[in-house]
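Here is how the chains run, residue by residue.
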Amino acid sequence: METAYSVLFIGAMIGFALCIFACLVRAIKGPRTMDRILAINMIGTLSVVIIALMSLYLEESFLLDVDLIYAMLSFLAVVVLTKVYMGVHREEENEQEKQKKQKKEQKTKEEQ
């Protein structure tokens, strides 16, 4: 019965590793920034799952502590990336609004 569980755990870890590779491809290719952030979040989540499975497979409980810390760090990294992205997005929107106002002012000056 233990060999069945070990084959199951190893197979699941390999499957999740392949999913991490697919998310890595998505993070590199894009096409949008939000796709990249979502892929990074998914990589963190899958890494947490692999560490939890490894803890069960090796019967080492300290890996669950590492797992919890890694989950918190992954969450914080995604929050920071999202905040940075939103700040850049807002600056771009403000710049576009300024350009539109300048064009309107130029048109009104030309009409006068």
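Notes on the structure in this doc start here. (Residues numbered from 1 in each chain as written. Predicted model: local features only at pLDDT ≥ 70, side-chain atom pairs only at ≥ 80, totals over all residues. Heavy atoms only, no water.)

## A closer look at the overall build of the protein
- Counting its secondary structure elements, the protein contains 3 helices and 0 strands.
- The order of helices and strands in the protein, counted from the N terminus, is α-α-α.
- Residues classed as buried in the protein amount to 21% of the 112 residues present.
- Long-range contacts, defined as pairs at least 24 residues apart, comprise 52% of the intrachain contacts of the protein with a sequence gap of at least 6.
- Carbon and sulfur atoms make up 65% of the accessible area of the protein, which totals about 9000 Å².
- Between the mean site of the 13 positive side-chain charges and the mean site of the 14 negative ones, the protein shows a separation of 14 Å. (Helix = DSSP H or I, 4+ residues; strand = E, 2+ residues; numbered from the N terminus. Buried < 20%, exposed > 50% of the residue type's maximum accessible area, 1.4 Å probe, protein only. Contact = heavy atoms within 4.5 Å. Areas by Shrake-Rupley, 256 points an atom, 1.4 Å probe, with all protein chains shown as cover. Lys, Arg positive; Asp, Glu negative; His and termini not counted. Charge placed at Lys NZ, Arg CZ, Asp CG, Glu CD.)

## As for the packing of helix α2 (residues 33-58) against helix α3 (residues 62-111)
- Taken N-terminus to C-terminus, the directions of α2 and α3 make an angle of 175 degrees; their axes are 9 Å apart at the nearest point. Relative to α3, the element α2 is oriented roughly antiparallel.
- For the contact of α2 with α3, the per-class residue count stands at 15 nonpolar, 7 polar and 1 charged. (Axes fitted to C-alpha atoms, helices over the stretch in contact; angles between N-to-C directions. Parallel < 35°, antiparallel > 145°, perpendicular 65-115°, else oblique. Nonpolar A, V, L, I, M, F, W, Y, C, P; charged D, E, K, R; others polar.)

## Considerations on a negative patch on the surface
- A contiguous patch of negative charge, built from Glu91, Glu92, Glu93 and Glu97, is present on the exposed surface.
- The topology assignment puts Glu93 in helix α3.
- Glu93 sits in the partly exposed class, given a relative accessible area of 38%. (Patch = residues over 30% accessible without salt bridge, like charges linked within 9 Å, V, L, I, M, F, W, Y side chains within 5 Å. Salt bridge = Lys/Arg side-chain N within 4 Å of Asp/Glu carboxyl O.)

## Concerning the packing of helix α1 (residues 2-29) against α2
- Running from amino to carboxyl end, α1 crosses α2 at an angle of 165 degrees, the nearest separation of the two axes being 9 Å. By the angle between their directions, the pair α1 and α2 is classed as roughly antiparallel. As for how α1 packs across α2, the hand of that crossing is left-handed.
- In terms of residue class, the contact of α1 with α2 is built from 23 nonpolar, 2 polar and 4 charged. (Left-handed = near helix turned anticlockwise from the far one by under 90°.)

## A closer look at the pattern of salt bridges
- In this structure the tally under the stated criterion is 1 salt bridge.
- Between Arg32 and Asp35 there is a salt bridge, with the nearest N and O atoms lying 3.5 Å from each other.
- Judged by relative accessible area, which is 18%, Asp35 ranks as buried.

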